Amino acid sequence: MNSIKTELIPYKTLPSGDQSSLIKYIIKGINDGPQVYIQSSLHGAELQGNAVIYLLLEYLKDNPINGKIEIIPQANPEGLNSKILKYTQGRYNLETGDNWNRLYFDFLEDSDLVDLNDIKGSFSKILDTYYHKSNKPYYLNYLLQKNAIKADIVLDLHTAPVGTRYLYVPEYAFEKGKDLKFPFNIIIPPGFAGALDEAIFTPWLKLSKDKNIDVPVEAYTLELGGEEIIDLKEANTDLNRILHLFSKRGVITSPIKFEEKQFYSKLENFKTYYSKKPGLYNFNFKVGDFFQKNDNLCDIINFKPSLSKTEFLAPSDGILINRYPSSNVSEHAELFQALESPSSY
């Protein structure tokens, strides 16, 4: 049966002198196999991934794996503890104002530094050197990237403020990403904007271009609904998507059946619709709903300068992926995110 151990990773000393640390679960199977890295709650309010990881750890007590799985369920204790009244702030570093998921490192400036006999080991050493030279105060992100960079499969679990289930899948791994069985898939092109999935596959893409080496890793951002709430029933479905991937990659031996009609579109078709006026918004569509051009996505109620109700008409056909978390909407707010021109398979 699997060996399950825990490790505490100190990462920050607080002004009080107390030490903040990450807990990492390390699950080893009897047989060799892929190495998997999973993390959740990089943005503190993104809690659903914790429910999925809880169920996964319960599953791994009784179901053998091949290879190794490393899990950091609460990847940002600082964000998780950033409560303002009843709400978890957690998306931004309170000292710098930066989005926690835009702070990883594009470290491979020179592919000639890579030992092709030990590519992951080289990546780890080059990342160390790059981080210390950068003089950036992002030690937490460095630690997370350092752990993730060893893996063959990296799953970064997130949520939206109010969102459906969707997957950011890199263009090079589009066919492989289908095995996660997410209903909605956003295909991201090569590039680096500081997110963890990009931090994992970008050096491999550079190496594949410079040295003609295949990219052997998979890295995905999984969006698991809305923040602040966990739902164990939904988490069971989320887990089965991950287990389906594991069964296809040989991480688990038990076959997992999961059927889901899947829709996809390129990142360029993932559009943000901004509010055109402030007011109280009555949302007429739920996340995950399909809409057509000129559908009334929401009614807007105003009391000044006179009592009125106006409509927000969809500019195109699409799928509603995320929406603003409150009906009290400011002018020019990010009201909706929609996947336009989706195709299915």
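Our subject is the structure listed above.
Structural notes, computed from the coordinates. (Residues numbered from 1 in each chain as written. Predicted model: local features only at pLDDT ≥ 70, side-chain atom pairs only at ≥ 80, totals over all residues. Heavy atoms only, no water.)

Here's the deal with the nonpolar core
Ranked by size, the top nonpolar core spans 48 residues in total, and within it Tyr37, Phe123, Leu144, Val154, Tyr166 and Ile200 carry the most contacts. Looking at this core, the elements that each hand over two or more residues are β1 (3–13), α3 (119–134), α4 (139–148), β7 (153–160), β9 (165–170), β10 (184–188), α6 (196–211) and β18 (318–323). Setting aside residues no more than four positions away along its own chain, Val154 makes contact with Tyr37, Ala148, Leu196, Ile200, Glu218, Ala219 and Tyr220. (Core = buried A, V, L, I, M, F, W, Y, C linked by side-chain atoms within 4.5 Å. Buried < 20%, exposed > 50% of the residue type's maximum accessible area, 1.4 Å probe, protein only. Helix = DSSP H or I, 4+ residues; strand = E, 2+ residues; numbered from the N terminus. Contact = heavy atoms within 4.5 Å.)

A closer look at the pairing of β7
In terms of residue burial, β7 counts as a mostly covered element, since eight of its eight residues are buried. Covered by surrounding structure in β7 are Ile153, Leu155, Leu157 and Thr159 together with Val154, Asp156, His158 and Ala160, the residues of both alternating faces. Relative to β7, strand β3 (residues 31–40) is paired through five bridges, and the arrangement is parallel. Looking at the pairing, Gln39 lines up with Asp156 of β7. (Pairing = 2+ DSSP bridges.)

Considerations on unusual backbone geometry
Omega for the bond connecting Lys304 with Pro305 falls within 30 degrees of zero, at 0 degrees, which places this linkage in the cis form. Looking at where Pro305 falls in the secondary structure, it is placed in the loop between β16 (296–302) and β17 (308–313). For His332, which is not glycine, the phi dihedral falls at a positive 70 degrees. Relative to the elements of secondary structure, His332 occurs in the loop between β19 (328–329) and β20 (334–340).

Observations regarding the side chain of Ser82
With respect to the helices, strands and loops of the structure, Ser82 is situated in the loop between α2 (77–80) and β5 (83–84). A distance of 2.7 Å separates the side chain of Ser82 from the backbone oxygen of Glu78, its partner in a polar contact. Each residue touching Ser82, except ones within four places of it in the same chain, is listed here: Tyr87, Thr88, Gln89, Gly90 and Leu94. (Polar contact = N/O pair within 3.5 Å; in protein donor to acceptor, adjacent residues only side chain to side chain.)

Let's talk about the pattern of salt bridges
For the coordinates displayed, the defined rule picks out 19 salt bridges. Between Glu70 and Lys150 there is a salt bridge; the shortest N-O distance is 3.7 Å. Of this pair, Glu70 sits in strand β4 (residues 66–72) while Lys150 is found in the loop between α4 and β7, placing the two residues 80 residues apart along the sequence. Given a relative accessible area of 3%, Glu70 falls into the buried group. The partner of Glu175 in a salt bridge is Lys178, and the shortest N-O contact between them spans 3.0 Å. (Salt bridge = Lys/Arg side-chain N within 4 Å of Asp/Glu carboxyl O.)

Observations concerning the sheet that holds β16
An order of β17-β16-β14-β19 is seen for the four strands of this open sheet, with the pairing classed as antiparallel. Strands at the two margins of the open sheet, each flanked by one partner only, are β17 and β19. As paired elements, β16 and β17 share six bridges and run antiparallel to each other. Pairing of Asn302 across the sheet is with Ser308, part of β17.

Topic: the packing of aromatic side chains
Evaluation of the coordinates by the stated rule reveals 22 aromatic pairs. Taking the centre distance of 6.2 Å and the plane angle of 35 degrees together, the rings of Phe184 and Phe263 count as tilted. Here Phe263 lies in strand β12 (residues 263–266) and Phe184 lies in strand β10, a separation of 79 residues in the sequence. Phe263 carries the same exposure label as Phe184, and that label is buried. Aromatic rings pair up to connect Phe105, Tyr130, Tyr131, Tyr139 and Tyr142 into one cluster. One residue, Arg323, lies across the ring of Phe283, its end atom 4.5 Å from the ring centre. (Phe/Tyr/Trp six-rings, centres within 6.5 Å; stacked < 30°, edge-to-face > 60°. Lys NZ or Arg CZ within 6 Å of the ring centre and 35° of its normal.)

What about the side chain of Asn99?
Within the secondary structure layout, Asn99 lies in the loop between β6 (87–88) and α3. By relative accessible area, Asn99 is classed as buried at 18%. Side-chain polar atoms of Asn99 contact the side chain of His43, separated by 2.7 Å. From its side chain, Asn99 meets the backbone nitrogen of Asn101 in a polar contact 2.9 Å long. Those residues in contact with Asn99, other than ones at most four positions away along the chain, are His43, Arg91 and Tyr92.

Thoughts on the packing of α3 against α6
At their nearest, the axes of α3 and α6 sit 12 Å apart, and the two run at 120 degrees to each other. Judged on the interaxial angle alone, α6 and α3 are oblique. For the element pair α3 and α6, the recorded crossing hand is right-handed. Each of Ile119, Lys120 and Phe123 in α3 lies in contact with α6, whose residues at this interface are Pro203, Trp204 and Leu207. For the contact of α3 with α6, the residue count by class is five nonpolar, no polar and one charged. (Axes fitted to C-alpha atoms, helices over the stretch in contact; angles between N-to-C directions. Parallel < 35°, antiparallel > 145°, perpendicular 65-115°, else oblique. Left-handed = near helix turned anticlockwise from the far one by under 90°. Nonpolar A, V, L, I, M, F, W, Y, C, P; charged D, E, K, R; others polar.)

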